[in-house]
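Below are the chains, spelled out letter by letter.
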Amino acid sequence: MSEHFDAIVVGAGPAGEVAASRLNQKGLSTALVERELVGGECAYWACIPSKTLLRPAEVRGEAQRTAGTSVPAQRWSEIAEYRDYMIRHLDDTAQVDGYEKDGVRVYKGAGRLAGPGRVQVGAEKLEADRIVIATGSDPRIPQIPGLAAAGYWTNREATTIKRIPASIVILGGGPVGIELGQFMRRFGTEVTIVQAADRLLPREDPRVSELIAQALRAEGIALLLGATATRVSRGPDGRRVVTVASGETLTASELLVATGRAPRVHDIGLESIGIEPDRKGIAIDERCRAGDGVWAIGDVTGVMPFTHVGMYQGRIACADIAGQPVAADYGAVPRVVFSDPEIAAVGLTSPQAGEQGVDTVTATIGLADAIARPWTYQTDPTGELGVIANRRTRTLIGAWAVSPLAGEWIHYAALAIKAKVPIDTLRDTVAQFPTYTEAYLKAIERLDL
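Bear in mind the structure is a predicted one, so any value in this text is a computation, not a measurement.

(A) Representation of unusual backbone geometry in the model. That bond from Asp-340 to Pro-341 is cis: its omega, 5°, falls within 30 degrees of zero. Phi is positive for Arg-88, close to 60°, though the residue is something other than glycine. By the secondary structure assignment, Arg-88 is in the loop between helix H4 (76–86) and helix H5 (93–102). A positive phi angle is found at Arg-394, which is not glycine, with a value near 55°. On the secondary structure map, Arg-394 appears in the loop between strand S21 (384–390) and strand S22 (395–403).

Spelled out as structure tokens, the structure:
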């Protein structure tokens, strides 16, 4: 016997939670299926614990760079305890109870599509006219000889550690590798980042890569760029031994794999509804439709593997289900690395714009040379802002910043790009003094338009 609902959401990460809550609010009987913890990767093993762990060391760094302040002590036991509080001690009981109280039926178990309009969860058979797939992603593990036998961490082990390792080799120079590497370095770990590309964050503007590499090296983090791990082993003392293509050997007490994420599309029954995913994930249209009566949202789509994108897609899918005319627009999605200094970007990079044949004009400014806020914020301030404009339309199409709080003030550029605000309007806009946002005016005034 099957239980029927108006909608079934498979996966209860941030994207799935948005979808389930909104469908329920619209009066649709809704089932939410989750194989692990309601809240997903972000709440328990990624965004929330990593940013919680980064903050104490960031405060200490701020104190070191602020005139007349003492450097606070770091008490790891208290930090770890607060981290555990923030990740709910890996217990989603309250979240499950909250959904049930609001009228959403929660099924804990591996959900599997079992044909059009059907989902199997263990022995439970569910039916619905609308199915939303939000199964997320898993760490992408490279096929390196000896890696599995030697043992390694993913973000899950790194963000839930009980003790700080003496040393670590990190495979991957993207956001995860940078954030967790800097966190551990600031707690005394010897850190080496091995990056296959010739620069960190290869999808961002080259200047961004230069600036963060300088910052990490200044803290004592070793960077091996353009290097590929060819073999991993475990020594008799338990230390991991990583051999790179150049023949160099690295040893460390721990090894973290941070080489990206893969959409969770296997063993969820997609073949039963005629959906064949590719390496990027489940293909969707501008309404997040993956098929007749099927929507896909979040990391599983491979569109942009960000929590905020998954939540946005959840809103788009629910609006479409409700019959509202919608179309997702990913042109102004912020991208932030919560390092110190923060890295924030939005829109196109200069190389990307060039590849698309856009006639661009760019401007880059040193923040300490252009505005007062960096000097009030810290001694010997650094940081840069770059803007990219379309010469023909006279609008911003991209921006990036490496600076304190960059993740907060990048949204000025995001809104300007989203709304296609004319450059002349931006030049005539007044920003609060003294703030980092003032830098946009200085940069925009330098655009040769």
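(B) Looking closely at the layout of surface pockets. Reported here for the second largest pocket is a volume of approximately 430 Å³. Together, 18 residues line the second largest pocket, and Leu-211, Gln-214, Ala-215, Pro-341 and Thr-382 are the ones closest to its centre. For the lining of the second largest pocket, the element with the most residues is helix H9 (residues 206–218), which contributes 5 residues. When grouped by side-chain class, the residues that make up the lining of the second largest pocket number 6 nonpolar, 5 polar and 7 charged.

(C) Quick peek at helix H10 (residues 307–321). Spanning 15 residues, H10 covers 21 Å between terminal C-alpha atoms, matching the ideal 21 Å at 1.5 Å per step. Within H10, 11 of the 15 residues are buried, which leaves the element mostly enclosed by the surrounding structure. All of the buried residues along H10 are Val-309, Gly-310, Tyr-312, Gln-313, Gly-314, Ile-316, Ala-317, Cys-318, Ala-319, Asp-320 and Ile-321. Buried-residue contacts for H10 involve helix H1 (14–25), strand S6 (124–133), strand S16 (289–291), strand S17 (294–296) and helix H15 (411–419). Looking one or two places after H10, you find Gly-323, whose phi comes out positive at around 85°.

(D) Molecular detail of the packing of helix H3 (residues 47–64) against helix H8 (residues 175–185). Running from amino to carboxyl end, H3 crosses H8 at an angle of 40°, the nearest separation of the two axes being 9 Å. The angle between the axes of H3 and H8 places the two elements in the oblique class. Of the two elements, H3 crosses H8, and the hand of that crossing is left-handed. Residues Ser-50, Lys-51, Leu-53 and Leu-54 of H3 touch H8, and the partners they reach there are Glu-179, Leu-180 and Phe-183.

(E) Region of interest: the side chain of Glu-204. Inspection of the secondary structure assignment puts Glu-204 in the loop between strand S9 (190–195) and H9. Residue classification places Glu-204 among the buried residues on the basis of a relative accessible area of 13%. Among the polar contacts listed, one links the side chain of Glu-204 to the side chain of Arg-335, at a separation of 2.7 Å. What Glu-204 contacts, discounting residues up to four positions off in sequence, is Arg-199, Arg-335, Ala-345 and Thr-349.

How each quantity is defined
- Residues numbered from 1 in each chain as written.
- Predicted model: local features only at pLDDT ≥ 70, side-chain atom pairs only at ≥ 80, totals over all residues.
- Heavy atoms only, no water.
- Helix = DSSP H or I, 4+ residues; strand = E, 2+ residues; numbered from the N terminus.
- 1 Å grid on protein atoms, 1.4 Å probe; cavity = no way out; pocket = protein on both sides within 12 Å on 5 of 7 lines; lining within 4 Å.
- Points joined across faces, edges and corners; volume = space filled by probe spheres on them.
- Nonpolar A, V, L, I, M, F, W, Y, C, P; charged D, E, K, R; others polar.
- Expected span 1.5 Å × (residues − 1).
- Buried < 20%, exposed > 50% of the residue type's maximum accessible area, 1.4 Å probe, protein only.
- Contact = heavy atoms within 4.5 Å.
- Axes fitted to C-alpha atoms, helices over the stretch in contact; angles between N-to-C directions.
- Parallel < 35°, antiparallel > 145°, perpendicular 65-115°, else oblique.
- Left-handed = near helix turned anticlockwise from the far one by under 90°.
- Polar contact = N/O pair within 3.5 Å; in protein donor to acceptor, adjacent residues only side chain to side chain.

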